[in-house]
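Analysis of the macromolecular model
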Amino acid sequence: MERTAATRRSLREWAPWAECVIMVAARYCVIEQEQPSDRARFAGYALGLDYHDWFRKRLIRLGRLLSNILGRTVQWKPFCDTSPVLERSYAAHAGIGWIGRNTMIIHPVLGSYLLIGGIAIDVGIETDSPVKDACGTCRRCIDACPTMAILHPYKLDARRCISYHTIETPDPIPEEVAAVMENRVFGCDICQEVCPMNRMQPAHGPGYRGTIEPAFQPHGERRTMTMEELAALTPERYRAIFRRSAMERAGREGLTRNAQAARDSQANRTMARPNGPPEAEAARRTDP
Ligand code: SF4
Ligand code: SF4
């Protein structure tokens, strides 16, 4: 992100001809029920197939239809997570949801378990309006974060976040993060699990896990694997279980490192939650 900061400042740095963006969202699968503590726990978005290909194919399909829909030749370029585009900001401007105090996009009905992507186009079209922030005085996400990564409402320090340490960095997991990550071995959904906005999606009957999209349904062994098994993951097992999943980003080395750190954290359960940085501690004391 540091390398591409200048490009992220404006979509036109990435697509100079852009006049508008079309933003889209898809809800992914979640399993919120309690899991045994020896069971490896993965972020909901990683349970099914890797969403990048899935999303990109659909964006391309939509892009190819645009010339017909808009009645003129349209230049377009899709983005989904891998381009230097501030997708969340565009999604908020486009009215998909508001950016919550946990810094996630929250749709008023579907909640925050959302993948977002979009298409830049070279034609101006009628735009939607942003939706109103409905977080109010709630602070459940802030209080629930085990690493105090949410410094204060709307500001998250990724360097303290379990998701960053279990996915994005090859470095060893810091002791204070390992002490509280429990069985979260790829990502962390705590600040979404506690959010009341994730309880408002329409019911789709027994067994409904947030989406009926087959690609996002949990791969069997990603739900049942223990941390012991993950810590001893062979290359063959890794390929069989995690191929074509978003967990390839961490790789076998990352997943086994995380499992080892998670097991160590369980052995150290008596350790207290770490103090946050002064900014977060002050906000915790003063924010209502
Ligand atoms: S993902 Fe987990 S560690 Fe990161 S901010 Fe949310 S609750 Fe905190
Ligand atoms: S838990 Fe509360 S404050 Fe946090 S994002 Fe959800 S509604 Fe907003």
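What this report covers is the structure whose coordinates are included nearby.

Cut-offs and rules
- Residues numbered from 1 in each chain as written.
- Chains lettered and ligands numbered in written order.
- Predicted model: local features only at pLDDT ≥ 70, side-chain atom pairs only at ≥ 80, totals over all residues.
- Heavy atoms only, no water.
- Near = heavy atom within 4 Å.
- Helix = DSSP H or I, 4+ residues; strand = E, 2+ residues; numbered from the N terminus.
- Nonpolar A, V, L, I, M, F, W, Y, C, P; charged D, E, K, R; others polar.
- Phe/Tyr/Trp six-rings, centres within 6.5 Å; stacked < 30°, edge-to-face > 60°.
- Buried < 20%, exposed > 50% of the residue type's maximum accessible area, 1.4 Å probe, protein only.
- Lys NZ or Arg CZ within 6 Å of the ring centre and 35° of its normal.
- Core = buried A, V, L, I, M, F, W, Y, C linked by side-chain atoms within 4.5 Å.
- Domains from an automatic or database assignment.
- Contact = heavy atoms within 4.5 Å.
- Axes fitted to C-alpha atoms, helices over the stretch in contact; angles between N-to-C directions.
- Parallel < 35°, antiparallel > 145°, perpendicular 65-115°, else oblique.
- Patch = residues over 30% accessible without salt bridge, like charges linked within 9 Å, V, L, I, M, F, W, Y side chains within 5 Å.
- Areas by Shrake-Rupley, 256 points an atom, 1.4 Å probe, with all protein chains shown as cover.
- Salt bridge = Lys/Arg side-chain N within 4 Å of Asp/Glu carboxyl O.
- Lys, Arg positive; Asp, Glu negative; His and termini not counted.
- Charge placed at Lys NZ, Arg CZ, Asp CG, Glu CD.

1. A look at the site of ligand 1
- Near ligand 1 the following residues occur: C145, P146, T147, A149, I150, L156, C161, I162, S163, C188, I190 and C191.
- For the shell around ligand 1, the secondary structure elements donating two or more residues are helix 6 (162-168) and helix 8 (190-193).
- Its residues assigned to classes, the shell around ligand 1 shows 10 nonpolar, 2 polar and no charged.

2. Remarks on the packing of aromatic side chains
- Applying the stated criterion to the full structure yields 9 aromatic pairs.
- Judged by centre distance (5.9 Å) and plane angle (90 degrees), the ring pair of W54 and F55 falls under edge-to-face.
- Judged by relative accessible area, which is 14%, W54 ranks as buried.
- For the pair W54 and F216, a centre-to-centre distance of 4.6 Å together with 50 degrees between the ring planes defines the contact as tilted. Of this pair, W54 sits in helix 3 (residues 51-70) while F216 is found in the loop between helix 8 and helix 9 (220-224), placing the two residues 162 residues apart along the sequence. Side by side, W54 and F216 carry an identical accessibility label, which is buried.
- K77 extends its terminal NZ or CZ atom over the ring of W14, reaching a point 4.1 Å from the ring centre.

3. Quick word on the environment of S37
- If you trace the backbone, S37 turns up in the loop between strand 1 (20-27) and strand 2 (41-42).
- Given the relative accessible area of 39%, S37 is considered partly exposed.
- Taking the C-alpha atoms as reference points, S37 and M227, separated by 190 residues in sequence, lie 8.9 Å from one another.

4. Some points on the nonpolar core
- F42, F216, L230 and F242 are the most contacted members of the largest nonpolar core, which totals 49 residues.
- Ranked by residues supplied to this core, first place goes to helix 3 with 5 residues.
- There are two domains that each give this core at least three residues, and those are domain 1 (14-121) and domain 2 (140-286).
- Among all residues touching F42, those that are not within four sequence positions of it are L47, V185, F186, R222, L230, F242 and M247.

5. Things to note about the packing of helix 11 (residues 235-242) against helix 12 (residues 251-267)
- Between helix 11 and helix 12, whose axes approach to 10 Å, the crossing angle comes to 95 degrees. Put simply, helix 11 runs roughly perpendicular to helix 12. Of the residues in helix 12, those touching helix 11 at P235, Y238 and F242 are G251, R252 and L255.
- Of the residues assigned to the contact of helix 11 with helix 12, the class counts are 4 nonpolar, 1 polar and 1 charged.

6. Here we look at a positive patch on the surface
- Together, K57, R58, R61, R243 and R244 give the surface a local cluster of positive charge.
- Among the secondary structure elements, R58 is positioned in helix 3.
- When its relative accessible area of 33% is taken as the criterion, R58 is described as partly exposed.

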